[in-house]
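# Working through the structure, step by step
Listed below are the residues making up each chain.
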Amino acid sequence: MSLPNLFCRRYALIGGLCSVCMIVLSLALATPPQVRVLHHATTHQQVAALLGPNRIDVQYSGEDNSVRSINTTPWMFQRVLGCGGTISIVSPGESFNRLEITMQLNGRFDAWAFGLSVPEHVEDTVRYLAPVCQRQGTSMHLAWRLPESTDRAYLELPMGSAVTLDAITLAVDRRSSPWIAGLLAGAWLIPGILVVQHFVRSLHSRAFIAAIWAHTAVCMWLSTLGHNFDLQSYQLVSDLVLNHESVYANTSRYNYGMPWAFVLAAMEWCARQFNLAGAMPYHMLVASIIILGNLVLACLLARNFTITGAIIYLLAPMTLVLTGYHSQFNNFPIVLGIAGMAMLDPQLFRSYSGNTRRVISSMLFGVSMWIKHIFLFYPALWLSWDRLGSWPHRVGAACIAYAVLAIGFCLFILDDASLEGFNAHVVHYNSTFGSALFPNMLARIANRAMDVQLYQQAWFLSLCKAIWLVAVLVCTRAAFRLGAGQYSMFVYLIAFAAFAPSFAAQYTWLALPALVLYPRSISLWAFVVISTFCQSQSLLGIALGLNLDAAAHAIEWLNNAMIRPLELAQGCLGFALLEWVWIFKRQPGFSVVTA
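The structure presented is a predicted model; accordingly, all values stated were derived computationally and were not measured. (Residues numbered from 1 in each chain as written. Predicted model: local features only at pLDDT ≥ 70, side-chain atom pairs only at ≥ 80, totals over all residues. Heavy atoms only, no water.)

### Structural notes on the overall build of the chain
Of the regular secondary structure elements, the chain holds 23 helices and 10 strands. Out of the 595 residues in the chain, the part that is buried amounts to 53%. Taking the contacts inside the chain whose residues are at least 6 apart along the sequence as the reference set, 75% of them involve residues at least 24 apart. Entry remark: accessible area of the chain is about 26200 Å², with carbon and sulfur atoms responsible for 63%. (Helix = DSSP H or I, 4+ residues; strand = E, 2+ residues; numbered from the N terminus. Buried < 20%, exposed > 50% of the residue type's maximum accessible area, 1.4 Å probe, protein only. Contact = heavy atoms within 4.5 Å. Areas by Shrake-Rupley, 256 points an atom, 1.4 Å probe, with all protein chains shown as cover.)

Here it is as structure tokens:
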């Protein structure tokens, strides 16, 4: 038996034993014990959902005067069907962590039409969806698992129908859902880490292995401290998929392909099987999948480019916050993009012919665009890459990539409602304008600095998008001409973020895998420092719990200054492009020959 096979079997055995132990322990903790009922109120009060801005209060009490319900005006976080008001459920005595409501519906609504929110940390409100739902005719029974210290909750009603409340039960369930979620996450995360360690062990870098464990620990910790608006969208999407509803037809809060929706649904299904509910356990499960994507991406960077850059990527504050707290999934399309470029290298895949490598690479880029359309323009640029092959080969490779993208979407927009939602929320999706470098420069040139009305005009938005597209095409084409075909994808990522017409703190992650390829770059470190400052408000508030009034005022003052921090971050990306041109001219010969 060879030494590599011995290591593979040993690590597979250790990982398998860890997974089995964690799953068994999770099942033991998830076994429902005797639930202690605190309050049970039986009522047949009808609560009519509001259709307008008028305020109407409806109050009732249970048998022990322990439950109070108030139907108020619609609030700002509206769900798919709109918010017809909220029902306030208050426990004056002991806190509860389990809520059950039985109601009669005068309309056809599923569980995902009802939102439950719990106030936390004075101003923050965490929303939960119903993980357990039982229906019998017009009667619906909903059950939630809530944080341990819950003393009040707000049930959000769908708009357009009256609801008759039959019973409300507040109870205490001693199961610890975060522990169960953590064990489930570790059931696939720890074996993955062990495999990654074996994959990079030949690199002889203890620092890289330590960075893997540190990245995993910090991101999992951050996932328990809160979440942003995107996680609420993730919960909504996962419920739609599990209820066999069309994502594109029923919500405007999902603008990507279905692969990520299926991953979210798998995490929600796993949470339901273990009787988990609430944002924290679900967030931990989602974050664990994104962490695995980061580990794979870091291994690709360490194996094919630089270990130092991979360590910087894993430990950069923006990577930690955007993974653990914001839970962005930009790493998955980038991983597939790197794999697609690697397939074009004849030295790595000598047993495959040039045509086979081109087809596989095109399919990988197609799936990457289907997950999240970061590389939407990149396959079209292959038409100008003469070293990819003859003209028919280049056209065929681009067509295969876009065909995979088109087929992936067409499978899920077969009905009119899905097609209409796809057209409105995916094809015509626009991010928030007014926070990018080049649009603001154009606005200042027009002596209308930071004019909101200017950003709302169609001609100005079209001009900004045209500049962005032309800049991306020119920069990537220049990489081809300089003989840097293997690195053209990374040039594309930097240009994609540098000239973007809209730029938020979450977008800083796009260019980081490209910048870390040259760890000595001044632009890299300037970009990391400025991007960390741009995220300082959420970073300090999440991780340290500090009073952020002074930081908020400082960031507001800088945002009102001539150049905003996010604009400086984009400017660093522009300087990074100039550095790459200088490096390519000094070190030619980076192209990938596929003929």
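### Quick notes on the packing of helix α6 (residues 258–273) against helix α7 (residues 279–304)
In helix packing, the relevant descriptors are the interaxial angle and the interaxial distance, both defined with respect to the helix axes. One way to put it is that α6 packs onto α7 with a least axis distance of 9 Å and a crossing angle of 135 degrees. In terms of orientation, α6 lies oblique with respect to α7. For the element pair α6 and α7, the recorded crossing hand is right-handed. Counting all contacts with α6, which are made through Trp 260, Val 263, Leu 264, Met 267, Glu 268 and Ala 271, the residues of α7 involved are Tyr 282, Leu 285, Val 286, Ile 289 and Ile 290. Of the residues contributing to the contact of α6 with α7, the split by class is 10 nonpolar, no polar and one charged. (Axes fitted to C-alpha atoms, helices over the stretch in contact; angles between N-to-C directions. Parallel < 35°, antiparallel > 145°, perpendicular 65-115°, else oblique. Left-handed = near helix turned anticlockwise from the far one by under 90°. Nonpolar A, V, L, I, M, F, W, Y, C, P; charged D, E, K, R; others polar.)

### Some points on the packing of aromatic side chains
Across all of its chains, the model carries 27 aromatic pairs by this definition. Measuring from ring centre to ring centre gives 5.7 Å for Phe 305 and Tyr 487, while their planes differ by 65 degrees; the resulting arrangement is edge-to-face. Within this pair, whereas Phe 305 is found in the loop between α7 and α8 (307–315), its partner Tyr 487 is found in the loop between α17 (458–481) and α18 (488–498), the two being separated by 182 residues in sequence. Classification of Phe 305 as partly exposed rests on a relative accessible area of 22%. Given a relative accessible area of 12%, Tyr 487 falls into the buried group. With 4.9 Å between their ring centres and 15 degrees between their planes, Trp 385 and Phe 480 make a pair best called stacked. Residue Trp 385 is found in the loop between α12 (378–381) and α13 (391–410), and its partner Phe 480 is found in helix α17; the two are separated by 95 residues along the sequence. (Phe/Tyr/Trp six-rings, centres within 6.5 Å; stacked < 30°, edge-to-face > 60°.)

### Focus on the environment of Ala 484
Examined against the element boundaries, Ala 484 turns out to sit in the loop between α17 and α18. Here Ala 484 falls in the buried class, since its relative accessible area comes to 0%. Sequence separation between Ala 484 and Trp 580 is 96 residues; the distance between their C-alpha atoms is 9.8 Å.

### Quick word on the side chain of Arg 358
Tracing the backbone through its elements, the reader meets Arg 358 in helix α11 (residues 354–371). Residue Arg 358 is classed as buried on the basis of its relative accessible area, which comes to 8%. Here the side chain of Arg 358 touches Asn 355 through a polar contact of 2.7 Å, side chain to side chain. (Polar contact = N/O pair within 3.5 Å; in protein donor to acceptor, adjacent residues only side chain to side chain.)

### Focus: a nonpolar patch on the surface
Taken together, the side chains of Leu 25, Leu 29 and Trp 179 make up a nonpolar region of the molecular surface, amounting to roughly 340 Å² of accessible area. Along the chain, the position of Trp 179 falls in helix α2 (residues 177–200). (Patch = residues over 30% accessible without salt bridge, like charges linked within 9 Å, V, L, I, M, F, W, Y side chains within 5 Å. Salt bridge = Lys/Arg side-chain N within 4 Å of Asp/Glu carboxyl O.)

### Concerning the confidence of the model for the chain
Predicted confidence across the chain gives a mean pLDDT of 75, with 72% of residues reaching 70 or more. Overall, residues 121–125 carries pLDDT values under 50, and its contacts beyond four positions in sequence, including any with other chains, amount to seven contacts. Across residues 543–550 the pLDDT falls below 50, and counting only partners more than four positions away or on other chains, this stretch makes nine contacts in the model. (pLDDT = per-residue confidence, 0-100.)

### Some thoughts on the environment of Gln 535
Turning to its location among the elements, Gln 535 is positioned in the loop between α20 (522–534) and α21 (536–543). Sequence separation of Gln 535 and Thr 508 is 27 residues, and the distance between their C-alpha atoms is 9.8 Å. Excluding residues within four positions of it along the chain, Gln 535 makes contact with Pro 317, Met 318, Val 321, Leu 322, Ala 505 and Thr 508.

### Some words on α11
Spanning 18 residues, α11 covers 26 Å between terminal C-alpha atoms, matching the ideal 26 Å at 1.5 Å per step. Listing the buried residues of α11 in full gives Gly 354, Arg 357, Arg 358, Ser 361, Ser 362, Phe 365, Gly 366, Ser 368, Met 369, Trp 370 and Ile 371. Where α11 is buried, its residues meet α6, α10 (331–343), α12, α13 and α18. (Expected span 1.5 Å × (residues − 1).)

### Things to note about the packing of α7 against α8
Two elements in contact, α7 and α8, have axes whose closest approach is 7 Å; the angle formed by their N-to-C orientations is 160 degrees. What the angle tells us is that α7 and α8 run roughly antiparallel. Between α7 and α8 the crossing geometry is right-handed. Mapping the contact onto sequence places Asn 294, Leu 295, Leu 297, Ala 298, Leu 301 and Ala 302 in α7 and Ile 307, Ala 310, Tyr 313 and Leu 314 in α8.

### Comments concerning α7
Given 3.6 residues per turn, any residue in an α-helix points the same way as the ones three and four places further on. Here α7 spans 37 Å end to end across 26 residues, near enough to the 38 Å set by a 1.5 Å rise per residue. Most of α7 sits inside the fold, with 21 of its 26 residues counted as buried.

### A closer look at the nonpolar core
If you look at the biggest cluster of nonpolar residues, it comprises 127 residues, and the most contacted ones within it are Phe 208 and Tyr 378. In this structure, Tyr 378 is in contact with Met 341, Phe 365, Tyr 402, Thr 476, Phe 480, Gly 485, Ser 488, Met 489 and Tyr 492, ignoring residues within four places of it in sequence. In this structure, Met 103, Met 140, Leu 155 and Leu 170 belong to the second largest nonpolar core, which totals 20 residues. (Core = buried A, V, L, I, M, F, W, Y, C linked by side-chain atoms within 4.5 Å.)

### Examining unusual backbone geometry
You will see that His 244, though not glycine, has its phi angle at about 60 degrees, which is positive. Of note, His 244 is situated in the loop between α4 (229–242) and α5 (247–250). Under the relative-accessibility criterion, His 244 is labelled exposed at 75%. Phi is positive for Ser 327, which is not a glycine, with a value near 55 degrees. Positionally, Ser 327 belongs in the loop between α9 (317–324) and α10. For Ser 327, a relative accessible area of 1% gives the class buried.

### Some points on empty space enclosed by the protein
Counted by the stated rule, this structure contains four cavities of 30 Å³ or more. Broken down by secondary-structure element, the contributors of at least two residues to the lining of the second largest cavity are α15 (437–445) and α17. For the lining of the second largest cavity, the class distribution of residues is eight nonpolar, no polar and no charged. (1 Å grid on protein atoms, 1.4 Å probe; cavity = no way out; pocket = protein on both sides within 12 Å on 5 of 7 lines; lining within 4 Å. Points joined across faces, edges and corners; volume = space filled by probe spheres on them.)

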